[in-house]
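# Topology and contacts: notes
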Amino acid sequence: MNKLYNRSYFFDQGIHFECQLCGLCCMGEPGIVYVTENEVAKIAKYLSKQVSSFIETYLLPFKVGYRIKEHADGRCFFYKNECVIYPVRPRQCATFPFWFENIRSPKKWRRVADECPGIGRGPLYSKEKILKIINSTIEYVVKNT
Ligand code: SF4
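About the cut-offs
- Residues numbered from 1 in each chain as written.
- Predicted model: local features only at pLDDT ≥ 70, side-chain atom pairs only at ≥ 80, totals over all residues.
- Heavy atoms only, no water.
- Helix = DSSP H or I, 4+ residues; strand = E, 2+ residues; numbered from the N terminus.
- Rg over C-alpha atoms; globule rule 2.2 N^0.38 Å.
- Buried < 20%, exposed > 50% of the residue type's maximum accessible area, 1.4 Å probe, protein only.
- Contact = heavy atoms within 4.5 Å.
- Areas by Shrake-Rupley, 256 points an atom, 1.4 Å probe, with all protein chains shown as cover.
- Lys, Arg positive; Asp, Glu negative; His and termini not counted.
- Charge placed at Lys NZ, Arg CZ, Asp CG, Glu CD.
- Core = buried A, V, L, I, M, F, W, Y, C linked by side-chain atoms within 4.5 Å.
- Salt bridge = Lys/Arg side-chain N within 4 Å of Asp/Glu carboxyl O.
- Pairing = 2+ DSSP bridges.
- Axes fitted to C-alpha atoms, helices over the stretch in contact; angles between N-to-C directions.
- 1 Å grid on protein atoms, 1.4 Å probe; cavity = no way out; pocket = protein on both sides within 12 Å on 5 of 7 lines; lining within 4 Å.
- Points joined across faces, edges and corners; volume = space filled by probe spheres on them.
- Nonpolar A, V, L, I, M, F, W, Y, C, P; charged D, E, K, R; others polar.

## Examining the overall build of the chain
Summing up its helical and strand segments, the chain has seven helices and five strands in all. Going from the N terminus to the C terminus, the chain shows its helices and strands as α-β-β-α-α-β-β-α-α-α-β-α. Taking 15 Å as the expected radius of gyration for a compact globule of 145 residues, we find that the chain reaches 16 Å, a close match to that expectation. Dimensions of the chain, computed from the C-alpha atoms along their principal axes, are close to 50 × 30 × 25 Å. When the 145 residues of the chain are sorted by exposure, 35% land in the buried category. Counted over contacts in the chain with a minimum sequence separation of 6, partners at least 24 positions apart contribute 70%. As displayed, the chain has an accessible area near 9300 Å², and 53% of this comes from carbon and sulfur atoms. Between the centroid of the 22 positive side chains of the chain and the centroid of its 14 negative side chains there is a distance of 4 Å.

This is the structure we're talking about:
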């Protein structure tokens, strides 16, 4: 663990980020947004839906949980001019753009930064905070998939 924190990264000075709620990451290229059983219960409650009908309408089975359905153009089923489940969105969405696959190289990060207008704005995420998010996400994936 210390090894992870003690080495140098391109984000040693931290990265500013604040979601602009533009929805660009909720549309476009198809992708998989994983939803755990716990998240299902939370989101269904938030939308005041029965869990079974919520699953049938919005989700598809995936691994040991579910994935969110997408429209033919790649738009997330929960995106209707804005994310309609934003306060209870799945962890995968809540931790974007600080995903291991995005942060693993400056080149990858530049590509993400080109598409996400929230990067470079808002509060500073320190190197430690970013690594903590990534680490907890890896643990979460191991536990839930
Ligand atoms: S692309 Fe970036 S700014 Fe836009 S909704 Fe996604 S995270 Fe927020």
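## Quick word on the nonpolar core
Of all hydrophobic cores here, the largest spans 18 residues; its most connected members are Phe11, Ile15, Phe98, Ile103, Ile119 and Ile130. Elements that contribute at least two residues to this core include exactly β1 (15-17), α6 (106-115), β5 (119-125) and α7 (127-144). If one sorts the elements of this core by residue count, α7 sits on top with four residues. Residues within four places of Ile103 in sequence aside, it is in contact with Phe10, Phe11, Ile15, Phe98, Trp109, Ile130 and Ile134. Val40, Leu59, Tyr66 and Phe77 belong to the second largest nonpolar core, which has 16 residues in total.

## Details of the pattern of salt bridges
Overall, the coordinates contain one salt bridge when judged by the stated rule. Notably, a salt bridge pairs Lys127 with Asp12, separated by 3.6 Å at the nearest N-O pair. Highlighted residues: Lys127 in helix α7 and Asp12 in the loop between α1 (2-6) and β1, separated in sequence by 115 residues. A relative accessible area of 10% means that Lys127 is categorised as buried.

## Thoughts on the pairing of strand β4 (residues 65-68)
In this structure, strand β2 (residues 34-35) lies alongside β4, joined through two bridges in antiparallel fashion. Following the sheet pairing, Val35 is matched in β4 by Tyr66. Remark: two residues form the turn of the hairpin made by strand β3 (residues 59-62) and β4, two consecutive strands paired antiparallel; Lys63 in that turn has positive phi of roughly 50°.

## Here we look at the sheet that holds β4
Reading across the sheet, the three strands line up as β2-β4-β3 and stay open at both edges, with antiparallel pairing between neighbours. Only two strands of the sheet have a single neighbouring strand rather than two, namely β2 and β3. Taken strand by strand, helix α3 (residues 51-58) contacts β3 and β4, and its axis lies near 90° from that of β3.

## Thoughts on the layout of surface pockets
Volume-wise, the second largest pocket comes out at about 200 Å³. Lining the second largest pocket are 14 residues; nearest its centre among them are Arg7, Tyr9, Phe100, Ile103 and Arg104. At four residues, α7 tops the list of elements feeding residues into the lining of the second largest pocket. Looking at the lining of the second largest pocket, its residues break down into 10 nonpolar, two polar and two charged.

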